[in-house]
Amino acid sequence: MVSLTFSVTPPTPRDNHVKLMDSWSALVSWSTSAHPQQEDLVTSFYVEYKVTNHEQVSLKVVQNHNSTSLTGLQSNAEYQIRVRAVNGAGGGIWSHYQTFSTGKTCKVYLQ
(Lines give C-alpha, C1' and ligand atoms only; values in the text may rest on other atoms or scores of the structure.)
Protein backbone atom coordinates (compact mmCIF):
# COMPACT_ATOMS: atom_id res chain seq x y z
CA MET A 1 0.00 0.00 0.00
CA VAL A 2 1.33 3.42 -0.98
CA SER A 3 0.57 6.46 1.15
CA LEU A 4 0.63 9.87 -0.51
CA THR A 5 1.10 13.05 1.48
CA PHE A 6 0.38 16.39 -0.09
CA SER A 7 2.16 19.38 1.38
CA VAL A 8 0.51 22.74 1.00
CA THR A 9 2.14 26.02 1.89
CA PRO A 10 0.12 28.17 4.29
CA PRO A 11 -2.17 30.98 3.18
CA THR A 12 -1.06 34.61 3.12
CA PRO A 13 -1.47 36.49 6.42
CA ARG A 14 -3.97 39.34 6.16
CA ASP A 15 -5.24 42.37 8.06
CA ASN A 16 -1.75 43.54 9.04
CA HIS A 17 -1.94 46.21 11.72
CA VAL A 18 0.80 48.42 13.16
CA LYS A 19 0.54 50.27 16.46
CA LEU A 20 3.37 52.60 17.45
CA MET A 21 4.62 52.08 20.98
CA ASP A 22 7.08 55.00 20.87
CA SER A 23 9.45 56.67 18.36
CA TRP A 24 11.63 53.55 18.17
CA SER A 25 9.23 50.63 18.41
CA ALA A 26 5.97 49.29 17.02
CA LEU A 27 3.62 46.38 17.66
CA VAL A 28 2.71 44.45 14.50
CA SER A 29 -0.24 42.04 14.36
CA TRP A 30 -1.95 40.05 11.59
CA SER A 31 -4.72 37.56 10.96
CA THR A 32 -4.37 34.08 9.57
CA SER A 33 -6.69 31.84 7.64
CA ALA A 34 -10.33 31.51 8.61
CA HIS A 35 -9.81 27.73 8.45
CA PRO A 36 -8.53 26.39 11.80
CA GLN A 37 -7.02 23.33 10.10
CA GLN A 38 -4.72 25.57 8.07
CA GLU A 39 -3.73 27.63 11.13
CA ASP A 40 -2.52 24.46 12.84
CA LEU A 41 -0.12 23.85 9.96
CA VAL A 42 1.72 27.17 10.40
CA THR A 43 5.02 26.70 12.24
CA SER A 44 6.20 30.31 12.16
CA PHE A 45 5.79 33.72 10.57
CA TYR A 46 8.44 35.83 8.87
CA VAL A 47 8.08 39.56 9.45
CA GLU A 48 10.12 41.62 6.99
CA TYR A 49 10.57 45.35 7.49
CA LYS A 50 12.70 48.12 6.05
CA VAL A 51 12.95 51.87 5.81
CA THR A 52 11.10 52.93 2.66
CA ASN A 53 13.42 53.40 -0.34
CA HIS A 54 16.32 51.62 1.38
CA GLU A 55 17.65 48.24 0.32
CA GLN A 56 18.60 46.89 3.77
CA VAL A 57 15.87 44.54 4.99
CA SER A 58 15.39 43.22 8.53
CA LEU A 59 13.72 39.87 9.15
CA LYS A 60 12.15 38.66 12.37
CA VAL A 61 10.95 35.08 12.85
CA VAL A 62 7.91 34.69 15.10
CA GLN A 63 6.66 31.36 16.46
CA ASN A 64 3.24 30.63 17.99
CA HIS A 65 2.01 34.25 17.88
CA ASN A 66 0.12 36.49 15.47
CA SER A 67 1.95 39.57 16.68
CA THR A 68 5.43 40.83 17.50
CA SER A 69 7.17 43.99 18.58
CA LEU A 70 9.78 45.68 16.43
CA THR A 71 12.37 47.62 18.39
CA GLY A 72 15.40 49.71 17.49
CA LEU A 73 13.55 51.48 14.67
CA GLN A 74 14.72 54.84 13.38
CA SER A 75 12.88 57.82 14.79
CA ASN A 76 10.91 59.93 12.28
CA ALA A 77 11.20 57.37 9.47
CA GLU A 78 8.77 55.69 7.10
CA TYR A 79 8.82 51.88 7.13
CA GLN A 80 7.40 49.12 4.96
CA ILE A 81 6.40 45.82 6.50
CA ARG A 82 5.05 42.49 5.22
CA VAL A 83 4.35 39.06 6.75
CA ARG A 84 4.64 35.48 5.47
CA ALA A 85 3.43 32.23 7.06
CA VAL A 86 5.72 29.19 7.00
CA ASN A 87 5.11 25.46 7.51
CA GLY A 88 6.82 22.17 6.67
CA ALA A 89 6.09 22.64 2.95
CA GLY A 90 7.82 26.04 2.88
CA GLY A 91 6.84 29.67 2.91
CA GLY A 92 3.52 30.97 1.72
CA ILE A 93 3.00 34.14 -0.28
CA TRP A 94 4.09 37.40 1.33
CA SER A 95 1.34 39.80 2.36
CA HIS A 96 1.17 43.18 0.63
CA TYR A 97 3.50 45.83 1.99
CA GLN A 98 2.03 48.13 4.59
CA THR A 99 3.60 51.50 5.28
CA PHE A 100 3.84 53.20 8.66
CA SER A 101 5.83 56.08 10.12
CA THR A 102 7.61 56.35 13.43
CA GLY A 103 7.26 59.50 15.49
CA LYS A 104 9.74 62.29 15.88
CA THR A 105 11.67 62.38 19.10
CA CYS A 106 11.97 65.81 20.67
CA LYS A 107 14.67 66.72 23.13
CA VAL A 108 13.44 68.15 26.40
CA TYR A 109 15.65 70.68 28.14
CA LEU A 110 15.18 71.05 31.87
CA GLN A 111 16.29 74.21 33.62
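Quick caveat, the model's predicted, so the values are computed rather than measured.

*Asks:* What is the right way to read the pattern of salt bridges from this model?
*Replies:* Oppositely charged side chains can pair when the atoms bearing their charge come close. Counted according to the given criterion, the structure contains two salt bridges. With a shortest N-O distance of 3.1 Å, R14 and D15 are connected by a salt bridge. In this structure, the salt-bridge partner of R82 is E48, at a minimum N-O distance of 2.7 Å. Here the residue R82 occupies a position in strand β6 (residues 78-87), and E48 occupies one in strand β3 (residues 44-51), the gap between them amounting to 34 residues.

*Asks:* Explain the sheet that holds strand β2 (residues 25-31) to me, please; I cannot follow it from the model alone.
*Replies:* Strand-to-strand pairing in sheets goes through backbone hydrogen bonds, with the strands running parallel or antiparallel. One open sheet accounts for three strands, arranged β1-β2-β5; its pairing is antiparallel. Each edge of the open sheet is held by one strand with a lone partner, namely β1 (14-22) and β5 (67-70). Mean inter-strand twist for the sheet, computed between neighbouring axes without regard to direction, equals 20 degrees.

*Asks:* It is not clear to me how the pairing of β2 should be interpreted in this structure. Could you clarify?
*Replies:* Taken residue by residue, a regular strand's side chains alternate between the two faces of the sheet. As defined by bridge partners, β1 adjoins β2 across six bridges and the pair is classed as antiparallel. The residue of β2 that forms the bridge with D22 is S25. Here β1 folds back onto β2, and the loop between the two strands holds two residues. Of the pairings in the sheet, the one linking β2 to β5 comprises four bridges and is antiparallel in character. When the sheet's bridge partners are listed, S29 is paired in β5 with S67.

About the criteria used
Every chain's residues receive numbers from 1 upward, in the order its sequence appears when written. Owing to the predicted nature of the model, reporting of local features is limited to residues with pLDDT of at least 70; listing and counting of side-chain atom pairs is limited to 80 or more, with chain, interface and lining totals taken over all residues. Hydrogens and waters are ignored; side-chain quantities use all the structure's heavy atoms. Salt bridges, as used here, are contacts in which a Lys or Arg side-chain nitrogen is within 4 Å of a carboxyl oxygen on Asp or Glu. Strands here mean DSSP runs of E at least two residues long; helices mean DSSP runs of H or I at least four residues long; both are numbered from the N terminus. A pair of strands is labelled paired if DSSP reports no fewer than 2 bridges between them. A fitted line through C-alpha atoms serves as each axis, taken over the contacting stretch for helices, and the angle formed by two N-to-C directions is quoted from 0 to 180°.

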